[in-house]
Amino acid sequence: MPKHTILRRHVLATAAAVAAAVALPGVVCAQAPIVIKFSHVVAANTPKGQGALRFKEAAERILPGKVQVQVFPSSSLFGDAKELEALLLGDVQFIAPSLSKFDRYTKKIQIFDLPFLFDDIDAVDRFQSSAAGQSLLTSMKNRGLLGLGYWHNGMKQLSTNKDKLTRPEDVKGLKFRIQASDVLEAQFRGLNANPQKMAFAEVYQALQTGVVDGQENTWSNTYSQKFHEVQKTIAETNHGVIDYMVVTNAKWWDGLPADIRKGLTEAMKEATQHSNKLADELNEADRKKIEAAGKAKIQKLAKEDVAAWRKSMEPVWKKFEGDIGRDLIDAALKSNK
Ligand code: LMR
C-alpha cells in the first residue's frame, strides 16, 4: 500500500476515534435523567408528604427516563431555616414552605396569616383559585422564586401545656412557638403571650422541655409530630390556616427544555389534586387519633369563646393592611360564603 494511503487511513481513523470520543459523552448526557430534589419539613404521612410522593410518581411516569425526582421529608435535606436559600442557590429544585414563611420575599402572602380571615379550608381554596390568589404565585419572580401551585394542609388549632384553654386570657404570659412570620408574632403579642420563631423540626423538643408552653398547628402536623403527647389541651379554634406554595427556582425552571417543563407542570397538577383531596381526610383522621390517644384533651369552644378569640386577634389586620393591600383582603373576604 502506498505510504500516503496508509497515512490517509490513519488520519481518518484518528478523526473517527476523536469524533466518537467527543460524541459519546454527549450521547450519555442526553440520556441521563435530570435529577430533581424536592425537600420538605413534614412527615411522609401528611398532605404535603403525600403530595411530594405523588409528584415524584407522576413526573417519572410522564417523563420516563428523563427525570428522576428525589423526595426528602422531615427536614432531612434542608429545614425551615435553609430551604429557601438552598432553592435560590440551586441545591434543591422544589420546596413547599407554609405560606407563613415567605414574608422576607413578599409582604402580600402575609394575607394567609391574618387570623380569622377565612371561614374554612374551602374558602381558602376559593381565594387561591381566584385571579388575586393566582397572581401571588408569580409575585416573587423578581426574587427568583416561582410558585407552581397551592397545596392544602388545614386550619390551625391552638395547644398548650395547661388545663384551661377556652378564652384569650388563658394564654396570657405563655410562650408560644410560631413559624417565621411577623403576622403570627403580632397575633400572639396581641394576646399578651410571648411568641418565639422556631423551625418546625425543633418544636417537639421545645414543647417537651418547656422551652415553650404551646404552639398552633393543624391536626395532621400535631399528630405526625406527636405534639399531643407533650401538650395538655388543644382548643378547636380554627383561627388560621397552614397551607403551602410549591415553589421552584425561576431561572432553573425557565431554562428547562419545553417538553420537561410541560411534563412537570402536568405532574404538579396531578400532585396538587391528590394532596388537596387528601388534606381534609388526613386531618380528620388525625384528629380522631389524637382523641383516641387520650393524652391531650381536645377542647371544643362555645360560639362566645370563639368570638372572644376573634376579637383579641383581629386588631392584627389593621397593622398589616398597608403591607398586604386592602384590595387583596377584600378579595379574600369574598371567598367566605
Ligand atoms: C410549621 O412550621 O408548623 C409548618 O409550617 C410545617 C409545615 O410545613 O406544615
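Residues numbered from 1 in each chain as written. Predicted model: local features only at pLDDT ≥ 70, side-chain atom pairs only at ≥ 80, totals over all residues. Heavy atoms only, no water.

## Section: the site of the ligand
- In the vicinity of the ligand, the contacting residues are V41, V42, K48, S98, K101, R177, Q179, F200, N217, N221, I242 and Y244.
- Contact distances for the ligand include 2.7 Å between an oxygen atom and a side-chain N or O atom of K48.
- Take N217: an N or O atom from its side chain is 2.9 Å from an oxygen atom of the ligand.
- Taken together, the residues of the shell around the ligand break down into five nonpolar, four polar and three charged. (Near = heavy atom within 4 Å. Polar contact = N/O pair within 3.5 Å; in protein donor to acceptor, adjacent residues only side chain to side chain. Nonpolar A, V, L, I, M, F, W, Y, C, P; charged D, E, K, R; others polar.)

## Here's the deal with the confidence of the model for the protein chain
- With 91% of its residues at a pLDDT of 70 or more, the protein chain has an overall mean of 93.
- Contacts from residues 11-29, a stretch scored under 50 in pLDDT, to residues over four places away or in other chains number zero contacts. (pLDDT = per-residue confidence, 0-100. Contact = heavy atoms within 4.5 Å.)

## A closer look at the sheet that holds strand β5 (residues 157-160)
- Here six strands make up an open sheet; going across it, the order is β7-β6-β8-β5-β9-β11 and the pairing mixed. Each end of this open sheet is capped by a strand with a single partner; those strands are β7 (194-197) and β11 (297-299). Put simply, the sheet's adjacent strands are angled 25° from each other on average, direction ignored.
- Across four bridges, the pairing between strand β6 (residues 175-178) and β7 is parallel. (Pairing = 2+ DSSP bridges. Helix = DSSP H or I, 4+ residues; strand = E, 2+ residues; numbered from the N terminus. Axes fitted to C-alpha atoms, helices over the stretch in contact; angles between N-to-C directions.)

## Examining the side chain of Q187
- With respect to the helices and strands, the residue Q187 is situated in helix α6 (residues 182-190).
- Among the polar contacts listed, one links the side chain of Q187 to the side chain of E216, at a separation of 3.1 Å.
- In this view, Q187 contacts D113, P115, E216, H239, M313 and V316; residues no more than four positions away in its chain are not counted.

## Concerning a negative patch on the surface
- Judged by side-chain charge, D119, D120, D122, D125, D280, E281 and E284 come together as a negatively charged surface patch.
- Looking at which element gives the most residues to the negative patch, the answer is helix α10 (residues 258-293), with three residues.
- Relative to the helices and strands, D119 is located in the loop between β3 (94-95) and α4 (121-129). (Patch = residues over 30% accessible without salt bridge, like charges linked within 9 Å, V, L, I, M, F, W, Y side chains within 5 Å. Areas by Shrake-Rupley, 256 points an atom, 1.4 Å probe, with all protein chains shown as cover. Salt bridge = Lys/Arg side-chain N within 4 Å of Asp/Glu carboxyl O. Lys, Arg positive; Asp, Glu negative; His and termini not counted. Charge placed at Lys NZ, Arg CZ, Asp CG, Glu CD.)

## Comments concerning the packing of helix α12 (residues 315-324) against helix α13 (residues 326-334)
- Their axes nearest at 7 Å, the elements α12 and α13 cross at an angle of 110°. Judged by the angle between their axes, α12 and α13 are roughly perpendicular. Counted together, W317, E321 and I324 of α12 and R326, L328, I329 and L333 of α13 form the full contact between these two elements.
- The class makeup of the residues in the contact of α12 with α13 is five nonpolar, no polar and two charged. (Parallel < 35°, antiparallel > 145°, perpendicular 65-115°, else oblique.)

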